[in-house]
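Close look at the chain arrangement
Single-letter residue listing:
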Amino acid sequence: MAEAKEIWSAPITPRTTSVVGTPVVASPPVSCPPSQLHSPSLTRSPLLQSENGDAPHPKSKTPKTPRTPLRISNLTPRFITPLGSPVRKALRFTKLDPQDAWLPITESRNGNQYYAAFHTLCSGIGIQALVLPVALTVLGWTWGIISLTLAFIWQLYTLWLLVNLHESVEHGVRYCRYLQLCGATFGEKVGKLLALFPILYLSAGTCTTLIIIGGSTARTFYEVVCGDSCTAKPMTTVEWYLVFTCAAVVLSQLPNLNSIAGISLIGAVTAVGYCTSIWITSVAEGALDGVNYDPIRGENSVENAFGVLNALGIIAFAFRGHNLILEIQSTMPSSEKHPSHVPMWKGVKVSYTLIAACLFPLTIGGYWAYGQLIPSNGGMLTALYQFHSHDVSRFVLGLTSFFVVVNALCSFQIYGMPAFDDMESQYTTRMKKPCPWWLRALIRLFFGFMCFFIGVAVPFLSQLAGLIGGVALPVTFAYPCFMWLKTKKPKKYSAMWGLNWFLGTLGVCLSVVLIAASLYVIIDTGVNVSFFNPQ
């Protein structure tokens, strides 16, 4: 076995001749652990450890006799074992893409289960959770809780699918981005057609919504802290948007996804903090006088049906974040002996336990406290200020507002990372070199202020929760099921085959119906449209 380890750990000498009849293009030598899966950033990662856990030793200055080029058949043990074939396949098909080492998502591979928990919790819970009680005003107690529970279980199942689809031991490949997995599964053109718009919509649209909510809440925080004694002229809403955007752009200069793990931790803590603070305060103050729990009904059956579907879209919007799971998992080292899906799933289980502990009390407690009186725009946060601004201490109101602003700043970083990665990849693909620091700064500056412009131009974007949920629903609930069917190829008519076909088809149908229903509700009830006039 010692001989086998020594042979495996030797770097493959580049050559232009064919190996086992397959032409090989010359490339720089890459030293990596023997069973390492597709990890492009190995060419730059200083934190990479060898298979036995020791740090790599510095190169000896003593010249060594050059080795004879090794063939792939010599890279595996001479004896035949059941593991021999997978090892040979992994070694044969593994391709290292140096460009990934230049991009912010895959630049660093020293993540762990704690980083995964921080990122997943920060991206999985946020402002969208505050409007969940609005869905119960249409669905009622029973169907509202049932729908929320089923949606939570469904999205947790598809999350498990994505975590296990991230790496393919059969081909030695890691799919580090959601769009890459879509392209590998459905084909490059079809994958882009299906997933590009929803993913970009989730990334840029969420960042724009965060600017709107973060800027507005920052203004509220200032008014709460300042109180009646403030004599200074208050800033306008647009100016608060600008202040928030500048702070977000400054934080976005951190180089890669691993470097914002601390920011994600702060975002996760503040998200849990304001969710808990809002529902505990609302329940402690008691139900409002004249509260009514009867579901809101329209004038006819068509309006009732579209209202229910729009409420389901609000629930679907609360479970966004799947477009970041593969990116988060790609920050971890991975090998056949230590695959990344093990620590990733541990982090996911912890984070989604906390998410459930926030979403369900917030939804149930908020609906119990406000019933049909809960505002559709802003949900629980607006209700807290509207009904309890004189009953609750300024400290609680100010702390809640502060948590919301900080969480919005932190969430902006992780949701903006796919956009940064995509824009930088355009440069690295064309120029064949990493982005210089000044260009990276300009890219992030451009993205931040582009979202600011959209937020000022379309300030009512945060009111379109049902429509956003319908557009993003396939990314969360449908596509992972079809990816599993296409990639893993479960036995026909087996339980796994039937479950994924059912959930995937149901997710696509729901997406189409929810988009139509949301558009109908928007046209029928109207939206406070005020272009370039944020309130």
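Remember, predicted model here, so these are calculated numbers, not experimental data. (Residues numbered from 1 in each chain as written. Predicted model: local features only at pLDDT ≥ 70, side-chain atom pairs only at ≥ 80, totals over all residues. Heavy atoms only, no water.)

1. Details of the overall build of the protein chain
Scanning the protein chain from N- to C-terminus turns up 16 helices and two strands. Buried positions account for 50% of the 535 residues belonging to the protein chain. For the protein chain, contacts bridging at least 24 residues in sequence account for 83% of all contacts bridging at least 6. Taken as a whole, the protein chain presents about 25400 Å² of accessible surface, with 66% of it coming from carbon and sulfur. (Helix = DSSP H or I, 4+ residues; strand = E, 2+ residues; numbered from the N terminus. Buried < 20%, exposed > 50% of the residue type's maximum accessible area, 1.4 Å probe, protein only. Contact = heavy atoms within 4.5 Å. Areas by Shrake-Rupley, 256 points an atom, 1.4 Å probe, with all protein chains shown as cover.)

2. Comments concerning the packing of aromatic side chains
A complete count under the given rule lists 19 aromatic pairs for this structure. Taken together through their ring pairs, the aromatic side chains of Phe152, Phe319, Tyr352 and Phe360 make up a single cluster. Here the guanidinium or amino end of Lys488 rests over the ring plane of Trp484, the centre of that ring lying 5.6 Å away. (Phe/Tyr/Trp six-rings, centres within 6.5 Å; stacked < 30°, edge-to-face > 60°. Lys NZ or Arg CZ within 6 Å of the ring centre and 35° of its normal.)

3. Focus: the environment of Leu257
Mapped onto the secondary structure, Leu257 falls in the loop between α7 (237-251) and α8 (261-285). Among the residues examined, Leu257 registers a relative accessible area of 2% and is labelled buried. Sequence separation of Leu257 and Leu103 is 154 residues, and the distance between their C-alpha atoms is 9.7 Å. Excluding residues within four positions of it along the chain, Leu257 makes contact with Pro104, Ile105, His119, Glu327, Ile328, Thr331, Ile414 and Met417.

4. A closer look at a nonpolar patch on the surface
Nonpolar side chains collect at one region of the surface, where Trp437, Trp438, Leu442 and Leu445 lie side by side and expose about 500 Å² of accessible area between them. Topologically, Trp438 is positioned in helix α14 (residues 437-457). For Trp438, a relative accessible area of 46% gives the class partly exposed. (Patch = residues over 30% accessible without salt bridge, like charges linked within 9 Å, V, L, I, M, F, W, Y side chains within 5 Å. Salt bridge = Lys/Arg side-chain N within 4 Å of Asp/Glu carboxyl O.)

5. Some remarks on the packing of helix α3 (residues 113-124) against α8
Remark: α3 packs on α8, axes separated minimally by 8 Å, with the N-to-C direction vectors making an angle of 50°. For the element pair α3 / α8, the angle class is oblique. Considering only the axes of α3 and α8, their crossing is left-handed. Residues Tyr115, Phe118, His119, Leu121 and Cys122 of α3 touch α8, and the partners they reach there are Ala261, Ser264, Leu265, Gly267, Ala268 and Val272. Residues that form the contact of α3 with α8 fall into these classes: eight nonpolar, three polar and no charged. (Axes fitted to C-alpha atoms, helices over the stretch in contact; angles between N-to-C directions. Parallel < 35°, antiparallel > 145°, perpendicular 65-115°, else oblique. Left-handed = near helix turned anticlockwise from the far one by under 90°. Nonpolar A, V, L, I, M, F, W, Y, C, P; charged D, E, K, R; others polar.)

6. Notes on the confidence of the model for the protein chain
Note that predicted coordinates carrying low pLDDT should not be read in detail. Residue-level pLDDT values for the protein chain average 78, and 76% of them are 70 or greater. Low confidence marks residues 1-36, where pLDDT is under 50. Its contacts with residues over four positions away, or in another chain, come to 50 contacts. This stretch, residues 38-96, has a pLDDT under 50; its non-local contacts, to residues over four places away or in other chains, come to 76 contacts. (pLDDT = per-residue confidence, 0-100.)

7. Remarks on unusual backbone geometry
Phi is positive for Lys432, which is not a glycine, with a value near 60°. Here Lys432 shows up in the loop between α13 (394-431) and α14. Its relative accessible area of 62% is what places Lys432 among the exposed residues.

8. A word on helix α11 (residues 341-370)
For α11, built from 30 residues, the straight-helix expectation of 44 Å at 1.5 Å per residue is met to within 8% by its first-to-last C-alpha distance of 42 Å. Taken from the residues just after α11, Gly371 is the one with a positive phi, measuring 55°. (Expected span 1.5 Å × (residues − 1).)

9. As for the side chain of Asn500
Inspection of the secondary structure puts Asn500 in helix α16 (residues 495-525). What Asn500 contacts, discounting residues up to four positions off in sequence, is Tyr157, Leu161, Cys481, Trp484 and Leu485.

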